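# Examination of the molecular architecture
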Amino acid sequence: MFKLAERIKQLPPYLFKEIDQKKKEIAAKGVDIIDLGIGDPDLPTPPKIVEAMVQAVRDPANHHYPSYSGMDDFKTAIAKWYEDRFSVKLDPETEVIALIGAKEGIAHIALAFINPGDLALIPAPAYPVYNSGTLFAGGRPYLLPLLKENNYLPDLASIPEEATRTAKMIWLNYPNNPTAAVADRDFFEAVVKFAHKYQIIVCHDLTYSEIAFDEYKPMSLLEINGARDIGIEFHSLSKSFNMTGWRIGFAVGSREAIKGLGSIKSNIDSGLFQAIQVAGIEALKANKENILEIKKTYARRRDIMVKGLRDSGFKVNPPRATFYLWVPVPNSYTSVNLATRLLQEAGVVVTPGNGFGYPGEGYIRLALTKDESRLLEATERIKSIGL
Ligand SMILES: *Cc1c(COP(=O)(O)O)cnc(C)c1O
């Protein structure tokens, strides 16, 4: 009876329908499924963070509408964390905003800067929300393929002049979901130069800043000279502190970008429940011990899975960051074929890489979000079907 708006019709088709359906059928048969499909940590939120929330919930002072941009104490804790972690000094008043999860800010920022018809430069494969946020604002995504031969970094020099001149935004995400690639200082310097030259806002999704291994420490775009004028960085507490269900994140950087995002948000949501922000302050304070434990856990899982997959003939390198493995499929398979076979014959759920955009064809993504014994079991089952 009702016609959906064009903006919804523009969204790319949902590619996992078939696999979701098969997953249901197989689960209904009583098969013990090992789901490595979703990037949602299996571990609980650290108890100290939970306790901070419980106490804050009891305090009636927290029962009111919060400030839409975030509590002063939360914004100050974010600025302090940024200084400790990246040596970047931020003004909590003008360069920090609280988000209802990183996804919320990522989806909304296009509404502040994209006019109908404007271009946004968006990597592919990528987290799908850069694309949908752009489409909802009436913008046009210009895709930047992330290829293995470029270490999954966009090739800025290959973007046609026409696109660079009209683009309003560029999206980046390092450490990267789904490829697990990382970016170094040289790359970020090139990005800042590019953004200044063409007056483009750099939106950097730094959701995985804390999930890194072997002494590797991901950097902030804002460490680069000149980045604060053109860059905004999105953070999430979801992955760093096992808090996906809580919905808390933040954005920092360019005053103009933060102000623009704030104008949109103040007309759409009314901020973040204060008790959750109190828990967020505790998370950022207790950062070091919690993070160390979480990182060690993922590193052990990564090593088990990489070894197991190599034993089955897959070519996979241990990633330096994120809890994903981005695995090339053997020659005769497509992403979906292989994912289907792993599900039907091994009861292992993986994500077909093309679901993140066409250059992801030829890969599957595995999330290390199950414990070591389950991962070991998954590798044994995969080995036993013989690919
Ligand atoms: C998980 C994820 C997000 C969303 O984080 P929330 O804070 O839970 O909304 C954003 N970007 C990437 C790349 C992610 O993997």
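The present account deals with the structure reproduced in this document. (Residues numbered from 1 in each chain as written. Predicted model: local features only at pLDDT ≥ 70, side-chain atom pairs only at ≥ 80, totals over all residues. Heavy atoms only, no water.)

### Considering the site of the ligand
Applied cut-off: We define proximity as follows: a residue is near a molecule or strand when any one of its heavy atoms falls within 4 Å of that partner. We define a polar contact as two N or O atoms separated by no more than 3.5 Å, with the added condition that, inside protein, one atom must be a possible hydrogen donor and the other a possible acceptor, whereas residues neighbouring each other in sequence contribute only through side-chain atom pairs. Throughout, the Shrake-Rupley method with a 1.4 Å probe supplies accessible areas, and for residues the shown protein chains are the sole cover considered. Strands are runs of DSSP state E lasting at least two residues, helices are runs of H or I lasting at least four, and both sets are numbered from the N terminus onward. Throughout this entry, Asp, Glu, Lys and Arg are counted as charged residues, while Ala, Val, Leu, Ile, Met, Phe, Trp, Tyr, Cys and Pro are counted as nonpolar. The remaining residues, Gly among them, count as polar.
In the neighbourhood of the ligand, 15 residues make up the surrounding shell, with Asp 205, Tyr 208, Ser 236, Ser 238 and Lys 239 lying closest. Ala 102 places a polar main-chain atom, nitrogen or oxygen, 2.7 Å from an oxygen atom of the ligand. A distance of 3.3 Å separates a nitrogen atom of the ligand from a polar atom in the side chain of Thr 207. A total of 380 Å² of accessible area belongs to the ligand in isolation, and the protein chains cover 94% of it. The element that contributes the greatest number of residues to the shell around the ligand is helix H5 (residues 102-113), accounting for three residues. For the shell around the ligand, the residue count by class is five nonpolar, six polar and four charged.

### Observations concerning the nonpolar core
We apply this condition: Here, the term nonpolar core denotes a set of buried Ala, Val, Leu, Ile, Met, Phe, Trp, Tyr and Cys residues that are joined through side-chain atoms within 4.5 Å. Working definition: with a 1.4 Å probe on protein chains only, accessible area under 20% of the residue-type maximum means buried, over 50% means exposed, and in between means partly exposed.
Judged by nonpolar contacts, the single largest core of 64 residues is most densely connected at Phe 74, Tyr 82, Ile 170, Tyr 174 and Met 243. Counting residues in each nonpolar core, the second largest holds 39 residues, with Ile 19, Tyr 298, Phe 314 and Ile 364 among its members.

### Side note on the pairing of strand S3 (residues 119-124)
To keep things clear, this is the line we draw: Only strands that DSSP links by at least two bridges are regarded as paired with each other. Think of it like this: strands point away, you trace from the first strand over the helix to the second, and a clockwise trace means the crossover is right-handed.
By the criterion of burial, S3 is predominantly enclosed, with six of the six residues buried. The side-chain alternation of S3 yields two buried faces, one formed by Leu 119, Leu 121 and Pro 123 and the other by Ala 120, Ile 122 and Ala 124. Two elements, S3 and strand S4 (residues 140-145), share six bridges in a ladder whose sense is parallel. Paired with Ile 122 across the strands is Leu 143, a residue of S4. In this view, the connection linking S3 to its parallel neighbour S4 by way of helix H6 (residues 129-136) has right-handed handedness. Bridge count for S3 against strand S5 (residues 167-172) is three bridges, and the pairing is parallel. What sits directly across from Leu 121, in S5, is Ile 170.

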